[in-house]
Amino acid sequence: MRIVVLAGGIGGARFLLGVREYARRTGAEVTAVVNVGDDLRLHGLQVCPDLDSVMYTLGGGADPERGWGRVDETWTIRGELAAYGVEPSWFGLGDKDIATHLVRTTMLNAGYPLSIVTEALATRWEPGLRLLPATDDRLETHAVVTDDQGTRAIHFQEWWVRHRAEIPTDRFVFVGADAAKPAPGVLDAIGSADVVLLAPSNPVVSVAPILAVPGIREAVVAAPGRVAGVSPIIGGAPVRGMADRCLAVIGVECSAAGVGGLYGARAEGGLLDTWLVDSTDAGAAVPGVDVRAVALRMVDEAATAAMVAAAVEAA
Ligand code: GDP
Ligand code: CA
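Residues numbered from 1 in each chain as written. Chains lettered and ligands numbered in written order. Predicted model: local features only at pLDDT ≥ 70, side-chain atom pairs only at ≥ 80, totals over all residues. Heavy atoms only, no water.

Just checking my understanding: could you explain the site of ligand 1 for this structure?
In the neighbourhood of ligand 1, 20 residues make up the surrounding shell, with Ser201, Ser206, Pro232, Leu296 and Met298 lying closest. Contacts to ligand 1 include proline 200, whose backbone N or O atom sits 2.9 Å from an oxygen atom. Contacts to ligand 1 include serine 231, whose backbone N or O atom sits 2.8 Å from a nitrogen atom. Notes on ligand 1: free accessible area 600 Å², of which the protein chains cover 91%. More than half of the atoms of ligand 1 fall within 2 Å of the grid points belonging to the largest pocket. Here the element with the most residues in the shell around ligand 1 is helix H1 (residues 10-26); it accounts for three residues. Of the residues that constitute the shell around ligand 1, the class distribution is nine nonpolar, eight polar and three charged. (Near = heavy atom within 4 Å. Polar contact = N/O pair within 3.5 Å; in protein donor to acceptor, adjacent residues only side chain to side chain. Areas by Shrake-Rupley, 256 points an atom, 1.4 Å probe, with all protein chains shown as cover. 1 Å grid on protein atoms, 1.4 Å probe; cavity = no way out; pocket = protein on both sides within 12 Å on 5 of 7 lines; lining within 4 Å. Sits in = over half its atoms within 2 Å of the grid points. Helix = DSSP H or I, 4+ residues; strand = E, 2+ residues; numbered from the N terminus. Nonpolar A, V, L, I, M, F, W, Y, C, P; charged D, E, K, R; others polar.)

Explain the coordination of the calcium ion (ligand 2) here, please?
The expected angle between donors at a tetrahedral four-coordinate metal is 109.5 degrees. At an octahedral six-coordinate metal it is 90 or 180 degrees. In the first shell of the calcium ion (ligand 2), the protein supplies Asp38 (OD), Asp50 (OD) and Asp50 (OD), at 2.1 to 2.7 Å from the metal. Taken as a pair, aspartate 38 in the loop between strand S2 (29-34) and strand S3 (40-42) and aspartate 50 in helix H2 (residues 49-58) lie far apart in primary sequence, twelve residues in all. With respect to burial, aspartate 38 and aspartate 50 carry one shared label: buried. (Donors = N, O, S within 2.8 Å, 3.2 Å for Na, K, Ca; no water. Buried < 20%, exposed > 50% of the residue type's maximum accessible area, 1.4 Å probe, protein only.)

Could you clarify how one ought to interpret the sheet that holds strand S8 (residues 169-175) in this entry?
The strands making up a sheet associate through hydrogen bonds between their backbones, and the pairing can be parallel or antiparallel. Taken in spatial order, the three strands line up as S7-S6-S8 in an open sheet, and their pairing is antiparallel. Looking at which strands have only one partner, the edges of the open sheet turn out to be strand S7 (150-155) and S8. Across the sheet, the axes of successive neighbouring strands diverge by a mean angle of 25°, strand direction being ignored. Inspection of the sheet shows strand S6 (residues 140-147) paired to S8 by six bridges, in the antiparallel sense. Within S8, the position partnered with valine 144 by the bridge is arginine 171. (Pairing = 2+ DSSP bridges. Axes fitted to C-alpha atoms, helices over the stretch in contact; angles between N-to-C directions.)

Whenever I open this one, the side chain of asparagine 35 confuses me. Can you help?
Relative to the assigned elements, asparagine 35 resides in the loop between S2 and S3. Side-chain polar atoms of asparagine 35 contact the backbone nitrogen of glycine 37, separated by 2.7 Å. A distance of 3.2 Å separates a polar atom in the side chain of asparagine 35 from a polar atom in the side chain of aspartate 38. Every residue in contact with asparagine 35, bar those within four places of it in the chain, is listed here: Ala7, Gly8, Asp50, Leu51, Val205, Ser206, Pro209 and Ile210. (Contact = heavy atoms within 4.5 Å.)

What is the right way to read the layout of surface pockets from this model?
Any empty space left between atoms is shown by rolling a water-sized probe over those atoms. In this structure, the largest pocket encloses a volume near 1,100 Å³. Among the elements of the structure, H1, H2, helix H4 (95-109), helix H6 (156-162) and helix H8 (203-211) are those that each provide at least two residues to the lining of the largest pocket. Per-element tally for the lining of the largest pocket: the top contributor is H2, with five residues. Looking at the lining of the largest pocket, its residues break down into 23 nonpolar, 14 polar and nine charged. (Points joined across faces, edges and corners; volume = space filled by probe spheres on them.)

Encoded structure:
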């Protein structure tokens, strides 16, 4: 069996631990297509927060408390940059993490596409599944905000990390998406998958930027396999993070049914055949979609693998 997962960072990474566990038991082959909309250049380095969260988590090198970055991290370089008064000071890069960005940026500067760079980095981390960026092209999520400096677009990381999403926001824009092409392998993986899973990632700023790459949404809508999504919203709130703020910006109710409705039924040109909601949200309905209620808290790998089994078997 072939499984493709569309995933963001922390939620996506935790979900992929369960997918890998399920695949170990069943012999399934897994491809993860990961969001690049959060990527940014900092101090001359190309940083890919979601790819790194997934790679470190699957490779056993992530900090389990923070959820992002490396375990046993040190912050000498951040302190030195601060001593120079260098901005941006709101985005901290740890010393170990910086080594990843140095390798990545050197390879990108030498002309390798991000997908090849990601494969090279993964030879160290052995994630146990195929990791693909959604695109090799530049695609950045920006938030259009209004403050005392007027209306302007700021990078998603500035909106999320610096402003904690607490700034009047009109909309999100996926800069570069129109001209982006799916990374090599993405469309083939979706087209030959038995099941496509939408991880319980942020639908607005993790899954939507993947689908914004021309051809990817179309490939999922037309996929010969079944498509199942997992709700990141339980009992009307995100389990972690600020997906509620992102959903408010696009005018979608923060609920399992709201997000299911945003993705929509495949029968009606949307994405979903099946939508998994938490047991506490049993009764949530999405027109045209087979909605199943199961435990959706990713408390450990076994619980997450059970979620994945439910999603795959329903699909
Ligand atoms: P990010 O890119 O690091 O923000 O991570 P993602 O977009 O991949 O995932 C963020 C989403 O994961 C949030 O909206 C959370 O609600 C969701 N999430 C985190 N933990 C859990 C969990 O245990 N169960 C479910 N269903 N969703 C979760
Ligand atoms: Ca992210």
